[in-house]
Amino acid sequence: MGRVDTVCSQEALGEARDVASKILLQADSYIYTSPLRRCRDTAEALFPGREIQVDERLVERDLGSWGGMPKKNVRASCAEA
């Protein structure tokens with residue numbers, strides 16, 4: 001997705017909630033996330049009730065015109081060039 005700020009699907013958030021019970025963190029652990037909404041939502045689903053630190057340095061790569069494109073479309077655009 002790159003820097004395209006999309007919303008997480010309910011299915012993906014549900015999967016994150018399912019995994020959450022398997023993650024063991026110490027009480028004094030810090031949780032950091034990218035500023036993008038999908039990343040913040042995922043962190044909140046994984047660590048409910050915990051403080052989430054947004055760190056601008058964790059922003060995803062800028063994929064230019066490929067941002068938000070499915071992998072198959074990126075591959076197809078390369079084959080055409």
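Presented here is a report on the structure given in the accompanying data block. (Residues numbered from 1 in each chain as written. Predicted model: local features only at pLDDT ≥ 70, side-chain atom pairs only at ≥ 80, totals over all residues. Heavy atoms only, no water.)

**A short note on the environment of glutamate 56**
Stage number 1. Tracing the backbone shows glutamate 56 in the loop between strand E2 (52–54) and helix H3 (71–80).
Stage number 2. In this structure the C-alpha to C-alpha distance between glutamate 56 and serine 34, which are 22 residues apart in sequence, comes to 6.2 Å. (Helix = DSSP H or I, 4+ residues; strand = E, 2+ residues; numbered from the N terminus.)

**A word on the pattern of salt bridges**
Stage number 1. Across all of its chains, the model carries three salt bridges by this definition.
Stage number 2. Between arginine 57 and aspartate 55 there is a salt bridge whose closest N-O contact spans 2.7 Å.
Stage number 3. Of the residues examined, arginine 57 reaches a relative accessible area of 72% and is grouped as exposed.
Stage number 4. According to the relative accessible area criterion, aspartate 55 is buried, its value standing at 14%.
Stage number 5. Because the salt bridges share partners, they merge into one network encompassing Arg37, Asp41 and Glu44. (Salt bridge = Lys/Arg side-chain N within 4 Å of Asp/Glu carboxyl O. Buried < 20%, exposed > 50% of the residue type's maximum accessible area, 1.4 Å probe, protein only.)

**What to know about helix H1 (residues 10–20)**
Stage number 1. Every buried residue belonging to H1 is among Leu13, Ala16 and Ala20, and all of these are buried. With its buried residues spanning 55 degrees around the axis, H1 presents them on a single face. Seen from the buried face of H1, the exposed residues on the opposite side, beyond 90 degrees, are Glu11 and Asp18.
Stage number 2. Packed against the buried residues of H1 are helix H2 (37–46). (Arc of directions from axis to C-beta. Contact = heavy atoms within 4.5 Å.)

**Comments concerning a nonpolar patch on the surface**
Stage number 1. A cluster of nonpolar residues, Val19, Ile23 and Leu25, forms a patch on the protein surface that exposes about 200 Å² of accessible area.
Stage number 2. Assignment of secondary structure puts valine 19 in helix H1. (Patch = residues over 30% accessible without salt bridge, like charges linked within 9 Å, V, L, I, M, F, W, Y side chains within 5 Å. Areas by Shrake-Rupley, 256 points an atom, 1.4 Å probe, with all protein chains shown as cover.)

**Side note on the state of the cysteines**
Stage number 1. A complete count under the given rule lists zero disulfides for this structure.
Stage number 2. In this model cysteine 8 remains outside any disulfide bridge; the closest cysteine sulfur is found in cysteine 39, 7.5 Å from its own.
Stage number 3. Overall, cysteine 8 belongs to the buried group, its relative accessible area being 14%. (Disulfide = S-S within 2.5 Å.)

**Points about H2**
Stage number 1. All of the buried residues in H2 are Arg38, Cys39, Asp41, Ala43, Ala45 and Leu46.
Stage number 2. Contact partners of the buried residues in H2: H1, strand E1 (31–33) and E2.

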